[in-house]
Amino acid sequence: MKKSEELKQQLFKQEKCGWQGISEERKTEIFTYCDQYMQYLNHSKTEREIVKTSKQMAEEKGFKDLTTIKQLKAGDKIYYINHEKSMYLAVIGKNPIEKGIQIIGAHADSPRLDLKPNPLYEDTGFAYFKTHYYGGIKKYQWTTIPLAIHGVIVKANGEKVEICIGENEDEPIFTITDLLPHLAQEQMERKLKEGIKGEELNLLIGSMPFPEKEVSETVKLNIMNILNQKYGIIEQDFVSAELELVPAFKARTLGFDGSMVAAYGQDDKVCVYTALTAILSLEKPTTTAVCIISDKEEIGSMGNTGMESHVFDTFIAEILNKLGVNSPNLLDKVFCNSKMLSADVDAGYDPIYAQVHDKHNSGYLGRGIGMNKYTGARGKTGASDANAEYVAKIRQIFEKEKIQYEVAELGKVDTGGGGTIAYILANKGVDVIDCGVPVLSMHAPYEVTSKFDIYEAYRAYTAFWKEEI
Ligand code: MN
Ligand code: MN
């Protein structure tokens, strides 16, 4: 080898595709793990479903509801569920908890369309549900695709009706129509942003009139009658409902080579699943390991199930109580001594839209888990920006365990921007860095990830919790 080549290998950052030179054995491991991931996605499209399936998986691995436990000791495995929409899990470590905890935090909510509180109406022989989109979506992507309805309707007497329709082959799906190109002259002149307007996202749900001619709104009546028979509800019950429209697609393997996953809601269920499976297989860690499955990240982390709420503080305080070590101010000190990976997806480099990326600072699919030292937009505004010392520690763990990682920014300096739950924990004093899987078509009904990165995220999260930082 030439001297310059040798020097290059020694001095330059190695950037290689993770599939390059991979063993058949590792490839099988990755594919098997991702098959389970896709199954999980198919049963967990909303935050409530994530909590439900995750609770079941946790209980199978011996995790117990914290509220049923009086005293905690090293090795104990617990979980806590907040309003059925967010969840925390912990494995108590050998070290005194005062020395800090190691947190991985992901979010269960994904962009979607929610039903308005008064959703049902009839127009010219069709019945519709009105929607209000949740999170940052490109509205035109949500028309003319099969949609399923998931969620709950709670009646005034407290009775809860769970809805999930449109997922099975024998069930109907729903869709939002769009104009035919022949008549879309004016629409096509609109900016892409306004191509479809919020008030045009109305879900088509029926067209058959109630068989009595004299009454008005016969199609609406027919639908309401069906809903009444099927779910026992009246129109007023929609005011106390949370019904979410999600793509009715199944998670699928993508590509002739089977290297990728296409699925709805991988932001951020890919990090939920990888973090969850990592903590479920964790035994007797040195430092207490905590996994956060948060809600409301896509709309600013507000509300009593969002990361901005104090419920997480209460959860950790309760662990301190039940370990018998709590004292004034201890919670704050625990946070100041704690470390975290904010497990959220990153924008993957998309060659078709190369102009928005800085190719030297992008997350590439297939190159491992992506770290973002900071997020924020235009001048790092709103970013928590991890300390170099902390980044070095995380690097050290990954390099020791031969976990492939890349460090990236979300888009070009004057173009990009975004946020996660990182700053919320950082504001409490925790050392935090964003660390997740790069995604193509983020926030679209069908998002794309690399199976290599998914497995590498699982390995990275496992390594983070096993190591005392
Ligand atoms: Mn996210
Ligand atoms: Mn997002």
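Fair warning: this is a prediction, and the values are worked out from it, not measured in the lab.

Draft legend 1. Layout of the pattern of salt bridges. Applying the stated criterion to the full structure yields 29 salt bridges. Across the pair D385 and K373 runs a salt bridge whose closest N-O atoms are separated by 2.8 Å. You can see D385 sitting in the loop between β16 (369-372) and α9 (388-400) and its partner K373 sitting in the loop between β16 and α9, a full 12 residues away along the chain. On the basis of relative accessibility, which here comes to 29%, the residue K373 falls in the partly exposed class. A salt bridge links D385 to K380, with the nearest nitrogen and oxygen atoms 3.2 Å apart. The class for K380 is partly exposed, based on a relative accessible area of 38%. What emerges from the salt-bridge pattern is a single network uniting R48, E84, K85, K160 and E242.

Draft legend 2. Quick look at the nonpolar core. Counting 60 residues, the largest nonpolar core has L89, I279, I293, L341, F398, Y461 and W465 as its most contacted members. By residue number, the principal contributor to this core is helix α11 (residues 451-466), which donates 10 residues. Excluding its chain neighbours within four sequence positions, the residues that come into contact with Y461 are I104, C271, T274, A275, A278, L341, A343, I369, C435 and G436. Membership of the second largest hydrophobic core comes to 33 residues, among which are L115, I153, L201 and I223.

Draft legend 3. Geometry of unusual backbone geometry. Following D267, the chain continues to D268 via a peptide bond in cis, the omega torsion being 10°. Along the polypeptide, D268 turns up in helix α6 (residues 266-280). Here the phi dihedral of E217 falls at roughly 50°; this positive angle occurs in a residue that is not glycine. Among the secondary structure elements, E217 is positioned in the loop between β9 (202-206) and α5 (218-231).

Draft legend 4. Inspection of the coordination of the manganese ion (ligand 1) at higher detail. On the protein side, the manganese ion (ligand 1) has H107 (NE2), D267 (OD), D344 (OD) and D344 (OD) as donor atoms, found 2.2 to 2.6 Å from it. According to the relative accessible area criterion, D267 is buried, its value standing at 3%.

Draft legend 5. Highlighting the sheet that holds strand β12 (residues 260-263). With antiparallel pairing, the 3 strands of this open sheet are ordered in space as β11-β12-β20. At either margin of the open sheet sits one strand with a lone partner, and together these are β11 (252-254) and β20 (447-450). With direction set aside, neighbouring strand axes in the sheet form an average angle of 35°. The pairing of β11 with β12 spans 3 bridges and is antiparallel.

Draft legend 6. Representation of the pairing of strand β10 (residues 241-247). Counting buried residues in β10 gives 5 out of 7 residues, a clear majority hidden from the surface. Relative to β10, strand β5 (residues 112-123) runs antiparallel, the two sharing 2 bridges. Across the sheet, the residue bridging to L113 is L245, located in β10. As judged from the 7 bridges shared by strand β7 (residues 147-154) and β10, these two strands associate in the antiparallel manner. Bridge pairing in β10 links L147 to P247.

Draft legend 7. Structural view of the environment of G135. Inspection of the secondary structure assignment puts G135 in the loop between β6 (126-134) and β7. As for G135 and A241, which are separated by 106 residues in sequence, their C-alpha atoms are 18 Å apart.

Draft legend 8. Highlighting the packing of helix α3 (residues 47-60) against α6. Where α3 contacts α6, the axes come no closer than 11 Å and their chain directions differ by 15°. Considering their axes alone, α3 and α6 lie roughly parallel with respect to each other. For the element pair α3 and α6, the recorded crossing hand is right-handed. On α6, the residues that touch I50, S54, M57 and A58 of α3 are K269, V272, Y273, L276, T277 and L280. A breakdown of the residues in the contact of α3 with α6 according to their chemical character gives 7 nonpolar, 2 polar and 1 charged.

Draft legend 9. Just the packing of aromatic side chains, in detail. Inspection of every chain in the model, using the stated rule, returns 21 aromatic pairs. A centroid spacing of 6.0 Å and a plane angle of 80° characterise the contact between W19 and F31, whose relative ring orientation is edge-to-face. Here W19, found in the loop between α1 (3-11) and α2 (24-42), pairs with F31, found in helix α2; they are 12 residues apart in sequence, far enough to count as distant. For F31, a relative accessible area of 23% gives the class partly exposed. By way of ring pairs, the aromatic residues Y33, Y37, Y40, Y273, Y455 and Y458 are connected into one cluster. Lying over the aromatic face of Y364, R367 brings its terminal NZ or CZ to 4.1 Å of the ring centre.

Draft legend 10. Region of the structure containing the domain arrangement of the protein. By domain assignment, the protein separates into domain 1 (3-110 + 264-466) and domain 2 (112-247). Contacts between domain 1 and domain 2 engage 19 residues on the former and 18 residues on the latter. Counting the surface lost from both domain 1 and domain 2, the interface buries some 1500 Å², and carbon and sulfur atoms represent 46% of this. For the domain 1 face of the interface with domain 2, the top three residues by lost area are K45, R48 and P445, together amounting to 31%.

Reading the values: the criteria
Residues numbered from 1 in each chain as written. Chains lettered and ligands numbered in written order. Predicted model: local features only at pLDDT ≥ 70, side-chain atom pairs only at ≥ 80, totals over all residues. Heavy atoms only, no water. Salt bridge = Lys/Arg side-chain N within 4 Å of Asp/Glu carboxyl O. Helix = DSSP H or I, 4+ residues; strand = E, 2+ residues; numbered from the N terminus. Buried < 20%, exposed > 50% of the residue type's maximum accessible area, 1.4 Å probe, protein only. Core = buried A, V, L, I, M, F, W, Y, C linked by side-chain atoms within 4.5 Å. Contact = heavy atoms within 4.5 Å. Donors = N, O, S within 2.8 Å, 3.2 Å for Na, K, Ca; no water. Pairing = 2+ DSSP bridges. Axes fitted to C-alpha atoms, helices over the stretch in contact; angles between N-to-C directions. Parallel < 35°, antiparallel > 145°, perpendicular 65-115°, else oblique. Left-handed = near helix turned anticlockwise from the far one by under 90°. Nonpolar A, V, L, I, M, F, W, Y, C, P; charged D, E, K, R; others polar. Phe/Tyr/Trp six-rings, centres within 6.5 Å; stacked < 30°, edge-to-face > 60°. Lys NZ or Arg CZ within 6 Å of the ring centre and 35° of its normal. Domains from an automatic or database assignment. Buried area = accessible area lost by both parts, 1.4 Å probe.

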